[in-house]
Amino acid sequence: MHKLWASTYKEFLLLRRDMGGIAILFVMPLILLITITLIQNNTFKTLKETKIAILLVDNDKGTVSKSINEGLSKANTFEIIKKSSSEEAKNLVFKGKYQLAIVIPENLSKDLTIKVNENVDGILEKFGLEEENKTTPKTKIQKKEVVLYFDPATQQSFKNAVKNGIDKIISGIEIQSIYKAFEAQLSDTPNSEPIFETENFITFKEITPDDSSGTYIPNASQHNVPAWALFAIFFIILPLSINIIKEKSQGTFVRLRTNPVSYATVLGGKTLVYLAVCMTQFALMLLVGLYVFPLISLPEINVSGKLPLLFCVALFSGLAAIGLGLLLGTIFKTHEQSAPFGATLVVILAALGGVWVPVFVMPKFMQILSNISPMNWGLNAFYDVFLRNVSFKEIVPEITLLFIFFIVTTIISILYNEKKNAV
């Protein structure tokens, strides 16, 4: 134990000498966290609050065009600008001035009413409910097209959403027209009670977690604090691996080998010091989320009753990161080898783990591949605590994987060092 304490104290003195490096370890992740959260929060606000200006050319001026106008207005997504010429609207959209123009054809309401009435009369004739010897003459009506002009730069997802929305509005209009036509034919007296209910029988109800249920709706802060805290924790592999390589190049390890100190003890001292750095990083991230975010109009994170589990996940995530740093420092011989490889590896693990892009939007193959990233294990555990309010039992699988990763990488480091120095 005395040797481990001496090794730990030595690591602390070495780290304290490089105050610039310590400042970078603590300050840069905080700046990254604030910057990314500001960008994403403003993006979420833009998507939620800003209305998209679209052009509407109403050549129908009937009930159908009125219903389409009302349906688009109720969505609270579009700002409708009316134009009289379809050619003008098309030119404005194709020049990139607007993302969308909707052109409603002439006589749409009138022709729809005629078509529906003819169909209803035909059905009633089949059932013998129409007067005998009465034949309904068929009117040849061409199909109507609601023309949509999209800006060429518009994303396909936006196009599909608009087309589906307008198709739903028009389908509802057609169904209501059919109901009304039947009512007009079957009703004995004018102004009688409606026979058919035209309101939707099946509706959608969206339920999201709220404060009253003990859980919270995810926001930009709750996503970025755990994600970028984990990214900062794993970036510890750079100074750690460089520290080991520097000691090897300066002959420190040669002097240690002349003393009865095992390589495991040396790595143990480094583990304790850098684990303290990781925990300090995480604590600073939480403090920024709690006290700095509200001052700059960002959502505040909620850690009520979650701190023990959060620090538990941070502890095991730090161990996994340190194990990886010990392995890189043991295997590589120069700074030029470890620094680029370590930085690139952290970025790859972050990308696979869901820090950059959520795992669920990745291709199926990448979703499977993401399971090999220790950042994915840590991020899932953080999300369980932050967003799902789970107990310790639910995060055991993730922290177990992180601890096994630390044990395996440390053992490989020790065995590799012994083999390399075997006489």
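Our subject in this report is the structure included herewith. (Residues numbered from 1 in each chain as written. Predicted model: local features only at pLDDT ≥ 70, side-chain atom pairs only at ≥ 80, totals over all residues. Heavy atoms only, no water.)

With five of five residues buried, strand 3 (residues 100-104) is to be regarded as a mostly interior element. As paired strands, strand 1 (residues 52-58) and strand 3 are joined by four bridges and run parallel to one another. Each residue of the ladder has a partner; that of Asp58, found in strand 3, is Ile104. Sheet topology places strand 3 next to strand 4 (residues 147-150); four bridges connect them, and they run antiparallel. Bridge pairing in strand 4 links Leu100 to Phe150. (Buried < 20%, exposed > 50% of the residue type's maximum accessible area, 1.4 Å probe, protein only. Helix = DSSP H or I, 4+ residues; strand = E, 2+ residues; numbered from the N terminus. Pairing = 2+ DSSP bridges.)

With respect to the helices and strands, Val103 occurs in strand 3. On the basis of relative accessible area, Val103 is assigned to the buried category, the value being 9%. If sequence neighbours within four positions are ignored, Val103 has contacts with Val57, Asn59, Ser86, Glu145, Val146, Val147 and Tyr149. (Contact = heavy atoms within 4.5 Å.)

What follows deals with the pattern of salt bridges. Enumeration according to the criterion identifies three salt bridges in this entry. For Glu87, the salt bridge goes to Lys90, with nearest N and O atoms at 3.5 Å. You can see Glu87 and its partner Lys90 sitting in helix 4 (residues 86-94), three residues apart, about one turn around the helix. The exposure class of Glu87 is partly exposed, given its relative accessible area of 42%. Lys90 sits in the partly exposed class, given a relative accessible area of 22%. We note a salt bridge from Lys144 to Asp111, for which the minimum N-O separation is 2.9 Å. (Salt bridge = Lys/Arg side-chain N within 4 Å of Asp/Glu carboxyl O.)

Here we come to the side chain of Ser317. Assignment of secondary structure puts Ser317 in helix 11 (residues 307-331). Owing to a relative accessible area of 0%, Ser317 belongs among the buried residues under this scheme. A distance of 2.8 Å separates a polar atom in the side chain of Ser317 from the backbone oxygen of Val313. Setting aside anything within four residues of it in sequence, one finds Ser317 in contact with Leu230, Ile233, Phe234, Gly378, Phe382 and Leu402. (Polar contact = N/O pair within 3.5 Å; in protein donor to acceptor, adjacent residues only side chain to side chain.)

What follows covers the sheet that holds strand 4. Across the sheet, which stays open at both edges, the four strands sit in the order 2-1-3-4 with mixed pairing between neighbours. Every other strand in the sheet has two partners, leaving strand 2 (78-83) and strand 4 as the edge strands with one partner each. Direction aside, neighbouring strands of the sheet carry axes that sit 25 degrees apart on average. Against the sheet, helix 3 (residues 63-74) touches strand 1, strand 2 and strand 3, its axis set at about 150 degrees to strand 2. The strands touched by helix 4 within the sheet are strand 1, strand 2, strand 3 and strand 4, with strand 4 carrying the most contacts at an inclination of about 30 degrees. (Axes fitted to C-alpha atoms, helices over the stretch in contact; angles between N-to-C directions.)

Next up on the list: the packing of helix 10 (residues 263-292) against helix 11. For the pair helix 10 and helix 11, interaxial distance at closest approach is 8 Å and the crossing angle is 135 degrees. With respect to helix 11, the element helix 10 is oriented oblique. Of the two elements, helix 10 crosses helix 11, and the hand of that crossing is right-handed. Side by side, helix 10 and helix 11 meet where Tyr263, Leu267, Lys270, Thr271, Tyr274, Leu275, Cys278, Met279, Phe282, Ala283 and Leu286 of the first sit next to Leu307, Leu310, Phe311, Ala314, Leu315, Gly318, Leu319, Ile322, Leu326 and Thr330 of the second. For the contact of helix 10 with helix 11, the residue count by class is 17 nonpolar, three polar and one charged. (Parallel < 35°, antiparallel > 145°, perpendicular 65-115°, else oblique. Left-handed = near helix turned anticlockwise from the far one by under 90°. Nonpolar A, V, L, I, M, F, W, Y, C, P; charged D, E, K, R; others polar.)

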